[in-house]
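Here's the letter readout for the chains.
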Amino acid sequence: MPQGSSKAKRVVIFGNSAAGKSSLAKKLAAQHQLAHLDLDTLAWSPVTKQTPTPQRQDIAISVGAIDSFITQHNAWVIEGCYSDLLSHTLEKCSEVLFLNLSIELCIANAKKRPWEPHKYKSKAEQDNNLAMLLDWIAQYEQRIDTFSKLAHKKLYDEFSGEKTQLTKNQL
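Just so you know, these numbers come straight off a predicted model, no measurement behind them.

## Things to note about the side chain of glutamate 95
- Checked against the element boundaries, glutamate 95 lands in strand β4 (residues 95-99).
- Engagement of the side chain of glutamate 95 in a polar contact is seen with the side chain of lysine 9, the distance being 2.8 Å.
- Every residue in contact with glutamate 95, bar those within four places of it in the chain, is listed here: Lys9, Arg10, Val11, Val12, Phe159 and Glu162.

What follows is the structure, encoded as C-alpha cells:
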C-alpha cells in the first residue's frame, strides 16, 4: 500500500496447512500494527466429554465472530484455510495473499513447526498428530472441499482487488 494512503490495510491470507499463513500474518501484524485473526481459533467447536473429536463450528457462529472482529478493528490480517469462512472477508479486505507452496515445502514446514499452544495442550500432543497432518497436506491438490487448492484458487481468481500468489517460504 502506498505511504500516505488513507485506506486501512486489511489482508486475507490463505493456503495449504503449513504453508506459512500464521507466520506471515504475525510478521505483517507486527510490521503494520494490524489486529490478527487466526481462523483456527474460531472454526472449531470446543472439545468436550460429549464431543471429544474436534467438530467444525456452525458456520453462522464463525461468520458472526469474523464480523465482530472486523467491526472492532480498522486494520487487520485474517488467515486460514477455510474458504467457506474466507469468502465472507473478501469484500472487506484490501488485499489477498495466496500461499501456493508445493506440497513438499508444506510438509517440510510442518515437520519444523514449533509447538502451537493455542491448538495443542503439549508439544507431544501436537507431534502425535503429525502423521495425520502430513497426510492432510499431501491431499491438498486432490481434495475438493473448503480446504482444497481448488477452493483457494477459486477465491484468488474471483478476487478483483490487489492480490499476490506466493510459491516460496517468505520468512
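## Re the sheet that holds strand β1 (residues 10-15)
- The sheet built from five strands is open, its strands ordered β2-β3-β1-β4-β5 with parallel pairing. The strands lining the two open edges of the sheet, one partner per strand, are β2 (35-38) and β5 (162-166). Ignoring which end each strand starts from, the neighbouring axes of this sheet average 15° apart.
- As paired strands, β2 and strand β3 (residues 76-80) are joined by four bridges and run parallel to one another. Residue pairing across strands places histidine 36 opposite valine 77, the latter belonging to β3.
- Across the sheet, helix α3 (residues 59-72) touches β2 and β3, and the angle it forms with β3 is around 160°.

## Observations concerning the pattern of salt bridges
- Under the defined criterion, the tally for this structure stands at nine salt bridges.
- A salt bridge links glutamate 141 to lysine 149, with the shortest nitrogen-to-oxygen separation between them at 3.6 Å.
- Looking at lysine 149, the relative accessible area reads 24%, which means it is partly exposed.
- Measuring nitrogen to oxygen at the nearest pair gives 2.9 Å for the salt bridge that ties aspartate 157 to lysine 153. Of the two residues, aspartate 157 and lysine 153 are both situated in helix α8 (residues 149-158); the distance of four residues between them amounts to about one turn of the helix.
- With relative accessibility at 44%, the residue aspartate 157 sits in the partly exposed group.
- With a relative accessible area of 42%, lysine 153 lands in the partly exposed category.
- Three or more residues are tied together by salt bridges with common partners; here these are Asp67, Glu91 and Lys92.

Cut-offs and rules
- Residues numbered from 1 in each chain as written.
- Predicted model: local features only at pLDDT ≥ 70, side-chain atom pairs only at ≥ 80, totals over all residues.
- Heavy atoms only, no water.
- Helix = DSSP H or I, 4+ residues; strand = E, 2+ residues; numbered from the N terminus.
- Polar contact = N/O pair within 3.5 Å; in protein donor to acceptor, adjacent residues only side chain to side chain.
- Contact = heavy atoms within 4.5 Å.
- Pairing = 2+ DSSP bridges.
- Axes fitted to C-alpha atoms, helices over the stretch in contact; angles between N-to-C directions.
- Salt bridge = Lys/Arg side-chain N within 4 Å of Asp/Glu carboxyl O.
- Buried < 20%, exposed > 50% of the residue type's maximum accessible area, 1.4 Å probe, protein only.

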